[in-house]
Amino acid sequence: RGHRTNLFSPEWTMAGVGCGPHATIRTVCVIDYVKAPQTTASNSQLSIVNNGTVELLSLKVASLDILGGPLAPGESRKILLNNEQACDVTLNIYMGGNYQPLDWEGLNICNAQMTMDSKNSFTLSY
């Protein structure tokens, strides 16, 4: 019952799973549950890495460009988020070339790293 109660607890917001060899029962798997901390922008940053083939022209949150100028391929930048900026945002992404603007909704940008890969696709990691 204790494991089931833990498994279905609404307190947990994230989980990690791992499996590996065990001396007695050959293989063991575990699940770790965590409650992600509530972050505020007051001490947060967003790291941007451009491994793409075009310039990243701007990143807009509520019509405000937080990128602070174009980011060329091969460059990276850390953006300090201030008190007025929320963590959960819609991010408007503008790239060079013939790319249309991209709207990424429901994105948590606090303490994240955004990477544009060689195919000009984006990933976000924490």
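Keep in mind the model is a prediction, meaning the values are calculated, not measured.

1. Here we look at the side chain of N50
Checked against the element boundaries, N50 lands in strand β3 (residues 44–50). For N50, a relative accessible area of 0% puts it in the buried group. Within polar-contact distance, the side chain of N50 engages the backbone oxygen of V54 at 3.1 Å.

2. Remarks on the side chain of S58
With respect to the secondary-structure elements, S58 resides in strand β4 (residues 56–61). By relative accessible area, which is 8% here, S58 ends up buried.

3. Section: the pairing of strand β8 (residues 102–108)
Along any regular strand, the residues point their side chains to alternate faces of the sheet. The pairing of strand β7 (residues 88–95) with β8 spans five bridges and is antiparallel. In the sheet register, I93 faces β8, and the bridge partner there is L102. The hairpin turn running from β7 into β8, its antiparallel successor, is six residues long, and G97 in that turn takes a positive phi close to 75°.

4. Quick look at a nonpolar patch on the surface
A cluster of nonpolar side chains, I25, V28 and V30, forms an exposed patch at the surface whose accessible area comes to about 230 Å². Residue V30 is classed as partly exposed on the basis of its relative accessible area, which comes to 44%.

5. Section: the environment of T115
Relative to the assigned elements, T115 resides in strand β9 (residues 112–116). Classification of T115 as buried rests on a relative accessible area of 15%. Separated by 63 residues in the primary sequence, T115 and G52 place their C-alpha atoms 8.7 Å from one another. Sequence-distant contacts of T115, defined by excluding residues within four places in its chain, comprise V49, N51, S121, F122 and T123. A polar contact of 3.3 Å, which involves the side chain of T115, links it to the side chain of Q113.

6. Some points on the nonpolar core
Counting residues in each nonpolar core, the largest one holds 23 residues, and the members touching the most others are I48, L56, L59 and M114. Taken together, the elements giving at least two residues each to this core come down to β3, β4, β6 (76–81), β7 and β9. Sorting elements by how many residues they give to this core places β7 first, with four residues.

Thresholds, definitions, all that
- Residues numbered from 1 in each chain as written.
- Predicted model: local features only at pLDDT ≥ 70, side-chain atom pairs only at ≥ 80, totals over all residues.
- Heavy atoms only, no water.
- Helix = DSSP H or I, 4+ residues; strand = E, 2+ residues; numbered from the N terminus.
- Buried < 20%, exposed > 50% of the residue type's maximum accessible area, 1.4 Å probe, protein only.
- Polar contact = N/O pair within 3.5 Å; in protein donor to acceptor, adjacent residues only side chain to side chain.
- Pairing = 2+ DSSP bridges.
- Patch = residues over 30% accessible without salt bridge, like charges linked within 9 Å, V, L, I, M, F, W, Y side chains within 5 Å.
- Areas by Shrake-Rupley, 256 points an atom, 1.4 Å probe, with all protein chains shown as cover.
- Salt bridge = Lys/Arg side-chain N within 4 Å of Asp/Glu carboxyl O.
- Contact = heavy atoms within 4.5 Å.
- Core = buried A, V, L, I, M, F, W, Y, C linked by side-chain atoms within 4.5 Å.

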